[in-house]
Amino acid sequence: MSTNNYDYIFAGGGAAALSLLVRMQKEGLLRDKKVLVIDKDPKVHNDRTWCFWEEKEGLFESCVIKSWDKIRFASPGYDAKLNPQPYKYKMIRSLAFYQYCKDVISQNSNIHFVQDAILHFENDVVVTSQGRYKGSLIFNSILQNLNKDESRYHYFLQHFKGKFIETEQPFFEEGVATLMDFTINQNNECRFMYVLPVSSTKALMEFTIFSENLLDDSEYETALNNYIAEKLKYHPYKIAEEEFGVIPMYNQPFPKRLNANVFNIGTNGGASKASSGFTFHFIQEESKQLVAHLKKHPTLSNYNPKGKGRFQFFDDVFLRVLREKKVPAFYLFNCMFRKLPAYLPLKFLNEETSMLEDLKILRVFPRMVFMKAAIGEFLKLRVRRAE
Ligand SMILES: Cc1cc2nc3c(=O)[nH]c(=O)nc-3n(C[C@H](O)[C@H](O)[C@H](O)COP(=O)(O)OP(=O)(O)OC[C@H]3O[C@@H](n4cnc5c(N)ncnc54)[C@H](O)[C@@H]3O)c2cc1C
């Protein structure tokens, strides 16, 4: 089988690959370059919905179908509509994103797409079920299996099932996104509902869990259907679409490189935040950093991505607190949203806070629980560093 040669190969053409490609194209980095994107999926469906928050208009603003100035947080004994200014909470449906990216990319006739399943990598060669493709630089967003070490790291999953509900009559409060509604049976875990109205008659309602194991589909169904029935009561509605997702919330670092030619990006490169599962924002930060480097250097051989610094340690501690279950998980979020201005937890979760702001945030958590968890994680960190 002959091997085709490319400057850049994108193994996987989802959020991370397309975000990077669009930025590279807009910065003129793909001029005179031969580029290949390989994905097993044609990306012609809405296979997910991304929510994130940002202050200003982002690169993908034209894909945003809805943004909210108000967020709602609810937990037992507390229910508030909060103003997260300067942030807006935004929603992008994946099909609009895929189409926008492909429109930008199609301006460059040197970028080719192949729909095929990637089997493995042989140094600088991507081997698919039907071909072999050689790349000077390969960006890999196909999720790898980590060699897990449960004694050192925490492995939570964010798993969720959502339904787009359409009502006959206006029902939803269009201007308010319910970010977390913890007033559901917690089952000694971290369970909450999202209600994200894109109009007064249509909303994404999603049942989300942070835990170590997935549920049977019937359990997501029951919890979500009960919630929908309780909220909508006698209002007639239909289910327009459904989505299901699992995001790794691991504090074990994902290797940034598979080998000298293959660089890991997206969730596969560790872009999913371990304590929240939010990824879209971090994919954008990752692609900005990569583009800034590639504007100055032809390769990634001397590229050192900016580390997470102290935010890595905060994630470690948070996951330990979740795992130890000494306080109910909802209480931790309750502390943040009840005691702080709403923008601050969001800024913290985006890893954008100053040290002074971190201190303000850390003070709202139950002190002894967090101190003990921090000492435990610090000792683990020392062991990891000593090896
Ligand atoms: C349903 C869902 C909803 C989410 N919602 C949010 C959200 O609201 N906010 C947020 O911040 N994050 C969210 N995430 C997490 C994260 O933002 C997304 O998973 C995002 O798509 C990750 O981008 P990626 O490029 O790393 O992976 P993907 O977008 O999944 O891209 C990987 C690509 O690789 C392809 N692929 C996989 N295996 C192969 C193979 N063997 N051969 C060829 N191609 C292959 C896939 O088809 C896919 O297109 C969500 C995730 C899911 C699953």
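It should be emphasised that the depicted structure is a prediction, and the values quoted were computed from it without experimental measurement.

Considering the overall build of the protein chain
Broken down by element type, the protein chain carries nine helices and 17 strands. Relative to the compact-globule value of 21 Å for 387 residues, the protein chain shows a C-alpha radius of gyration of 22 Å, a close match. Summarising its shape, the C-alpha atoms of the protein chain cover approximately 65 × 60 × 40 Å along the three principal directions. For the protein chain, restricting intrachain contacts to residue pairs at least 6 apart in sequence, the fraction spanning at least 24 positions comes to 75%. Counting only carbon and sulfur atoms, one obtains 50% of the accessible surface of the protein chain, whose full area is about 18200 Å².

What about unusual backbone geometry?
Omega for the peptide link from Gln 85 to Pro 86 comes to 15 degrees, which places this bond in the cis form. Turning to its location among the elements, Pro 86 is positioned in the loop between strand E6 (78-82) and strand E7 (88-93). Look at Lys 43: it is not a glycine, yet its phi comes out positive at around 55 degrees. For Lys 43, a relative accessible area of 10% corresponds to the buried category. Residues other than glycine seldom take positive phi values, yet Lys 233 does so here, at roughly 45 degrees. Here Lys 233 lies in the loop between helix H3 (217-232) and strand E16 (237-250). Lys 233 gets classed as exposed once you look at its relative accessible area, which sits at 58%.

So, empty space enclosed by the protein
Throughout the structure, instances matching the rule amount to one cavity of 30 Å³ or more. Within this model, the largest cavity holds a volume of roughly 100 Å³. Residue lining of the largest cavity: 13 residues in total, with Met 180, Ser 276, Phe 278, Phe 333 and Leu 349 positioned closest to the centre. For the lining of the largest cavity, the secondary-structure elements that each account for two or more residues are strand E13 (176-181), strand E14 (190-199), helix H6 (329-339) and helix H7 (343-349). Class assignment for the residues of the lining of the largest cavity results in 11 nonpolar, two polar and no charged.

A look at the sheet that holds strand E12 (residues 155-167)
The sheet built from seven strands is open, its strands ordered E6-E5-E13-E14-E15-E12-E16 with mixed pairing. For this open sheet the edge positions go to E6 and E16, each flanked by a neighbour on one side alone. Averaged over all neighbouring strand pairs, the angle between strand axes comes to 15 degrees, with direction disregarded. With two bridges joining them, E13 and E14 adopt antiparallel strand pairing. Its bridge partner lying in E14, Thr 178 is registered against Val 195. Sitting on the sheet, H3 touches E12, E13, E14, strand E15 (202-211) and E16, and the angle it makes with E12 is about 45 degrees. Packed onto the sheet, H6 meets strand E5 (70-75), E6, E13, E14 and E15 and runs at close to 140 degrees relative to E5.

Section: the pattern of salt bridges
Within this structure, the stated rule accounts for 36 salt bridges. The closest approach of N and O atoms between Asp 358 and Arg 310, which form a salt bridge, is 2.4 Å. Residue Asp 358 is located in helix H8 (residues 355-362), and its partner Arg 310 is located in helix H5 (residues 310-324); the two are separated by 48 residues in the primary sequence. Shared partners join several salt bridges into a network, and the residues in it are Lys 161, Lys 163, Asp 217, Glu 221 and Glu 242.

Some details on the site of the ligand
Close to the ligand lie 29 residues; Asp 39, Lys 43, Cys 51, Thr 279 and Phe 280 are nearest. Between the ligand and Thr 279, the relevant distance is 2.6 Å, taken from an oxygen atom to a main-chain nitrogen or oxygen of the residue. A distance of 2.7 Å is found between an oxygen atom of the ligand and a backbone nitrogen or oxygen belonging to Phe 280. Contact with the protein chains removes 87% of the 970 Å² of surface that the ligand exposes when unbound. Of all the secondary structure elements, the ones that give two or more residues to the shell around the ligand are helix H1 (15-26), strand E3 (49-54), E16 and helix H4 (280-296). Among the elements that take part in the shell around the ligand, E16 stands out by supplying four residues, more than any other.

A look at the environment of Thr 353
Mapped onto the secondary structure, Thr 353 falls in the loop between H7 and H8. Residue classification places Thr 353 among the buried positions, given a relative accessible area of 5%. Separated by 29 residues in sequence, Thr 353 and Glu 324 place their C-alpha atoms 26 Å apart. For Thr 353, the residues in contact, after removing those within four places along its chain, are Arg 310, Phe 311, Leu 344, Lys 347, Phe 348, Asp 358 and Ile 361. Here Asp 358 takes part through its side chain, which lies 2.6 Å from a polar atom of the side chain of Thr 353.

Things to note about the domain arrangement of the protein chain
When the domains of the protein chain are assigned, the result is domain 1 (3-58 + 92-143 + 254-296), domain 2 (155-249) and domain 3 (310-386). Taking only C-alpha atoms, the centre of domain 2 and the centre of domain 3 are 26 Å apart. At the junction of the two partners, domain 2 supplies 11 residues and domain 3 supplies nine residues. Overall, the association of domain 2 and domain 3 removes approximately 890 Å² of surface from exposure, summing both partners, and the carbon and sulfur fraction of that is 79%. Its largest share of buried area at the contact with domain 3, domain 2 owes to Phe 156, Phe 182 and Asn 188, together 40% of the area lost on that side. The tally of links from domain 2 across to domain 3 stands at one salt bridge. One salt bridge in this structure joins Arg 323 and Glu 212, with 3.5 Å as the shortest N-O distance. Linking domain 2 with domain 3 are one residue pair in polar contact (both at pLDDT 80 or more). Looking at side-chain class alone, the side of domain 2 that touches domain 3 contains seven nonpolar, two polar and two charged residues.

About the criteria used
The residue numbering used here restarts from 1 in each chain and proceeds along that chain's sequence as written. Residues qualify for local features only when their pLDDT is at least 70, as the model is predicted, and side-chain atom pairs are given and counted only at 80 or more; totals for whole chains, interfaces and linings, by contrast, use all residues. Water and hydrogen atoms were dropped before computing side-chain values, which therefore reflect all heavy atoms in the structure. The numbering of helices and of strands both runs from the N terminus, where a helix is a DSSP run of H or I of at least 4 residues and a strand a run of E of at least 2. To get the radius of gyration, use the C-alpha atoms; to get the globule rule, take the number of residues to the power 0.38 and multiply by 2.2 Å. The contact rule is simple, with two residues in contact once any of their heavy atoms fall within 4.5 Å. Per-residue accessibility takes into account occlusion by the displayed protein chains alone, with areas from the Shrake-Rupley method and a 1.4 Å probe. The cut-offs for exposure are 20% and 50% of the maximum accessible area for each residue type, with area from a 1.4 Å probe on protein chains only; residues under the lower value are buried, those over the upper are exposed, and the others partly exposed. Any residue with an atom within 4 Å of a point lines the site, the site being either a cavity, points on a 1 Å grid over the protein atoms alone where a 1.4 Å probe fits but cannot get out, or a pocket, an open set with protein on both sides within 12 Å along at least 5 of 7 lines. Grid points are joined across faces, edges and corners, and a volume is the space filled by probe spheres set on the points. Gly is put with the polar residues, along with every residue not named as nonpolar or charged; the nonpolar set is Ala, Val, Leu, Ile, Met, Phe, Trp, Tyr, Cys and Pro, and the charged set is Asp, Glu, Lys and Arg. Two strands form a pair only when DSSP identifies at least two bridges running between them. Axis angles are defined between N-to-C directions and span 0 to 180 degrees, where every axis is a line fitted to C-alpha atoms and, for a helix, only to the segment in contact. Basic side-chain nitrogens of Lys or Arg form a salt bridge, by our definition, when they fall within 4 Å of a carboxyl oxygen of Asp or Glu. Definition of nearness: a residue and a molecule or strand are near each other if at least one heavy atom of the residue lies within 4 Å of the molecule or strand. Within 3.5 Å is the distance limit for a polar contact, defined as a pair of N or O atoms, with the added protein rule that one can donate a hydrogen and the other accept it, and that residues adjacent in sequence qualify only through two side-chain atoms. Residue ranges assigned to the domains are those given by an automatic or database domain assignment. Buried area adds together the accessible area that both of two parts lose upon being put together, with accessible area traced by a 1.4 Å probe.

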